[in-house]
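# Residue-level structural notes
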Amino acid sequence: MARPGTRIIQAKLVLVGDMGTGKTSLVLRFVKGQFFHHQEATIGAAFFTQILSVSEATVKFDIWDTAGQERYHSLAPMYYRGAAAAIVVYDISTMDTFARAKKWVQELQKQGNPKLVMALVGNKSDLDSKREVQVEEGEEFAQENGMLFMETSAKTAENVNELFYEIAKKLATAS
Ligand code: GDP
Ligand code: MG
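The rules behind each value
Residues numbered from 1 in each chain as written. Chains lettered and ligands numbered in written order. Predicted model: local features only at pLDDT ≥ 70, side-chain atom pairs only at ≥ 80, totals over all residues. Heavy atoms only, no water. UniProt positions renumbered as here; feature names shortened; annotations may be inferred. Helix = DSSP H or I, 4+ residues; strand = E, 2+ residues; numbered from the N terminus. Rg over C-alpha atoms; globule rule 2.2 N^0.38 Å. Buried < 20%, exposed > 50% of the residue type's maximum accessible area, 1.4 Å probe, protein only. Contact = heavy atoms within 4.5 Å. Areas by Shrake-Rupley, 256 points an atom, 1.4 Å probe, with all protein chains shown as cover. Near = heavy atom within 4 Å. Polar contact = N/O pair within 3.5 Å; in protein donor to acceptor, adjacent residues only side chain to side chain. Pairing = 2+ DSSP bridges. Axes fitted to C-alpha atoms, helices over the stretch in contact; angles between N-to-C directions. Phe/Tyr/Trp six-rings, centres within 6.5 Å; stacked < 30°, edge-to-face > 60°.

You'll find the chain entered in an unreviewed UniProt entry as Ras-related protein RHN1-like, with Gossypium barbadense given as the organism. On record in UniProt, under Sequence similarities (unreviewed entry), the comment for the chain is "Belongs to the small GTPase superfamily. Rab family."

What follows covers the overall build of the chain. Along the backbone of the chain there are five helices and six strands. Traced from its N-terminal end to its C-terminal end, the chain shows the element sequence β-α-β-β-α-β-α-β-α-β-α. For the chain, whose C-alpha radius of gyration is 15 Å, the value lies close to the compact-globule estimate of 16 Å for 175 residues. Along the longest, intermediate and shortest principal axes, the C-alpha atoms of the chain span 50 × 35 × 35 Å. The proportion of buried residues among the 175 residues of the chain is 47%. Sequence-distant contacts in the chain: of pairs separated by 6 or more residues, those separated by 24 or more amount to 73%. For the chain, the computed accessible surface area is about 8,900 Å², with 51% contributed by carbon and sulfur atoms.

For the rest of this paragraph, the subject is the site of ligand 1. Neighbouring residues of ligand 1: 20 residues in total, closest Gly20, Lys23, Ser25, Phe36 and Asp126. Within the contact set of ligand 1, an oxygen atom lies 2.9 Å away from a side-chain nitrogen or oxygen of Thr24. Surface burial for ligand 1 is 87%, taken as the share of its 580 Å² of free accessible area covered by protein chains. Ranked by the residues each element gives to the shell around ligand 1, the list is headed by helix α1 (residues 23–32), at three residues.

Turning our eyes to something else, we now look at the environment of Val89. Tracing the backbone through its elements, the reader meets Val89 in strand β4 (residues 85–91). On the accessibility criterion, Val89 (0% relative accessible area) is buried. Separated by 63 residues in sequence, Val89 and Leu26 place their C-alpha atoms 9.5 Å apart. Contacts of Val89, omitting those with residues within four sequence positions, involve Leu15, Val16, Gly17, Asp18, Thr21, Lys23, Leu26, Val121 and Asn123.

The subject of this paragraph is the sheet that holds strand β1 (residues 8–17). Read from one edge of the open sheet, six strands run β2-β3-β1-β4-β5-β6, paired in mixed fashion. Looking at the sheet topology across the chains shown, the edges are occupied by β2 (47–54) and β6 (148–151). Geometrically, the sheet is characterised by an average inter-axis angle of 25 degrees between neighbouring strands, direction not taken into account. Sheet topology places β1 next to β4; five bridges connect them, and they run parallel. Along β4, the bridge assignment pairs Gly17 with Val89. Packed on one face of the sheet, α1 meets β1, β2, β3 (57–64), β4 and β5 (117–123) and runs near 50 degrees to β2.

To continue, consider the packing of aromatic side chains. With the rule as written, the count across this model stands at eight aromatic pairs. Pairing Phe30 with Phe61 gives two aromatic rings, centres 6.2 Å apart and planes at 80 degrees, and the pair type is edge-to-face. You can see Phe30 sitting in helix α1 and its partner Phe61 sitting in strand β3, a full 31 residues away along the chain. Arranged with centres 6.3 Å apart and planes meeting at 90 degrees, the rings of Phe47 and Trp64 form a pair that is edge-to-face.

Here is the structure:
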């Protein structure tokens, strides 16, 4: 529950990144606290809401998850329009998805919103034995582009709440 007088921020958040990196799984972990081993590639509902309170404000997230359009590596402008935050997801066990994440960052930068809060996320941190992308590579790219950075696992829940918390914090302190 928001305390009386707490500032409320409504924030559209979009997820981008290649298919199979775990975007839907991250959202479902955050919103429902669940993980599905055989997550369907395309889901009917691609829109979720979740409320998160940080000390500065209560953030109401409107989360836009893609329903398969990302396979064409380009999303409709309405997908990004008005977004306050974006999560770019890659899979630490597949180098290609990291290369693609860099392209997604470029595409986001082309949207031309200098206030957009961006987070780079290396998901599937539980697959450390199959790791192809080193932590430092992710960190460095995120730093160069002024992004938050985190490695997460939608499977074990590692860092998932922390990710959304950091984004909420940044939204609350920036506005
Ligand atoms: P999306 O296409 O980016 O939305 O990816 P999905 O959420 O559909 O996930 C693709 C596949 O990766 C599914 O089989 C998920 O169960 C699996 N997956 C998602 N996140 C993780 C994770 O953190 N660890 C592991 N081991 N598998 C994951
Ligand atoms: Mg998906």
